[in-house]
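# Reading the structure
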Amino acid sequence: MRCPCHSGELLLNCCGRYLDSANTVARTFPPTAEALMRSRFSAFALGDAGYLLRTWHSDTRPETLELDPDQKWYLLEILGTERGGPFEREGVVTFRAHYRSAANRKLRDSFTETSSFTKVGSQWLYVQALELQ
Ligand SMILES: [Zn+2]
């Protein structure tokens, strides 16, 4: 299975290394803010709410997260990144996420968001949307 984040890699060699739904014994963390962003998109695509909550900063994380089963996330475009490298502690990623309705494949939409990320210990975490277009 190809990774939902459209890296062109197999899921197991890409975001599957991080997701709860592809649980491995020695869990690793995404090394960059962009890698975390990609893995969170894959978590949306695969319905992995546990991973989304676990990679959300505690200051901004909702108590619970209900994913809409009708929303099928099928394409992620990374439009830009600032910082967020393996040796940095803050990062910003701008992306466009595309989704369609499971009930009606013709109903498609997308949104563009600039998100901030921070590193706590060795783990990148999603903080918040800075701009939503
Ligand atoms: Zn991926």
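Notes on the structure follow. (Residues numbered from 1 in each chain as written. Predicted model: local features only at pLDDT ≥ 70, side-chain atom pairs only at ≥ 80, totals over all residues. Heavy atoms only, no water.)

### Here we look at the overall build of the protein chain
- Along the protein chain, the regular secondary structure elements total two helices and four strands.
- Sequence-ordered secondary structure for the protein chain, helices as α and strands as β, is α-α-β-β-β-β.
- By the compact-globule yardstick of 14 Å for 133 residues, the protein chain fits well, its C-alpha radius of gyration being 14 Å.
- Counting only C-alpha atoms, the protein chain reaches 45 × 35 × 30 Å along its principal axes.
- For the protein chain, with 133 residues in total, the buried portion stands at 41%.
- Of the contacts formed within the protein chain by residues at least 6 apart in sequence, a portion of 47% connects residues at least 24 apart.
- The centroid of the 16 positive side-chain charges in the protein chain is displaced by 7 Å from the centroid of its 16 negative side-chain charges. (Helix = DSSP H or I, 4+ residues; strand = E, 2+ residues; numbered from the N terminus. Rg over C-alpha atoms; globule rule 2.2 N^0.38 Å. Buried < 20%, exposed > 50% of the residue type's maximum accessible area, 1.4 Å probe, protein only. Contact = heavy atoms within 4.5 Å. Lys, Arg positive; Asp, Glu negative; His and termini not counted. Charge placed at Lys NZ, Arg CZ, Asp CG, Glu CD.)

### Some thoughts on the nonpolar core
- Among the nonpolar cores identified, the biggest contains 24 residues, and Cys 3, Cys 5, Met 37, Phe 41, Tyr 51, Leu 76 and Phe 117 are the most heavily contacted of them.
- When residues of this core are traced back to their parent elements, those giving at least two are α1 (33-46), α2 (49-54), β1 (71-83), β2 (90-101) and β4 (123-132).
- Residue contributions to this core peak at five residues, all from α1.
- With residues near it in sequence (within four places) discarded, Cys 3 still touches Glu 9, Leu 10, Leu 11, Cys 14, Cys 15 and Ser 42. (Core = buried A, V, L, I, M, F, W, Y, C linked by side-chain atoms within 4.5 Å.)

### A short note on the pattern of salt bridges
- Per the stated rule, a full pass over the model turns up three salt bridges.
- Arg 38 is the salt-bridge partner of Glu 34, the closest N and O atoms lying 3.1 Å from each other. With Glu 34 and Arg 38 both in helix α1, this residue pair falls four residues apart, about one helical turn.
- Here Glu 82 makes a salt bridge to Arg 83, at a shortest N to O gap of 3.9 Å.
- The class for Glu 82 is partly exposed, based on a relative accessible area of 45%. (Salt bridge = Lys/Arg side-chain N within 4 Å of Asp/Glu carboxyl O.)

### A word on the environment of Asp 68
- Mapped onto the elements of the fold, Asp 68 is located in the loop between α2 and β1.
- The partly exposed category is assigned to Asp 68, whose relative accessible area is 41%.
- For Asp 68, the side chain forms a polar contact with the main-chain nitrogen of Asp 70, separated by 2.8 Å. (Polar contact = N/O pair within 3.5 Å; in protein donor to acceptor, adjacent residues only side chain to side chain.)

None of the figures reported here should be taken as evidence of function without further support.
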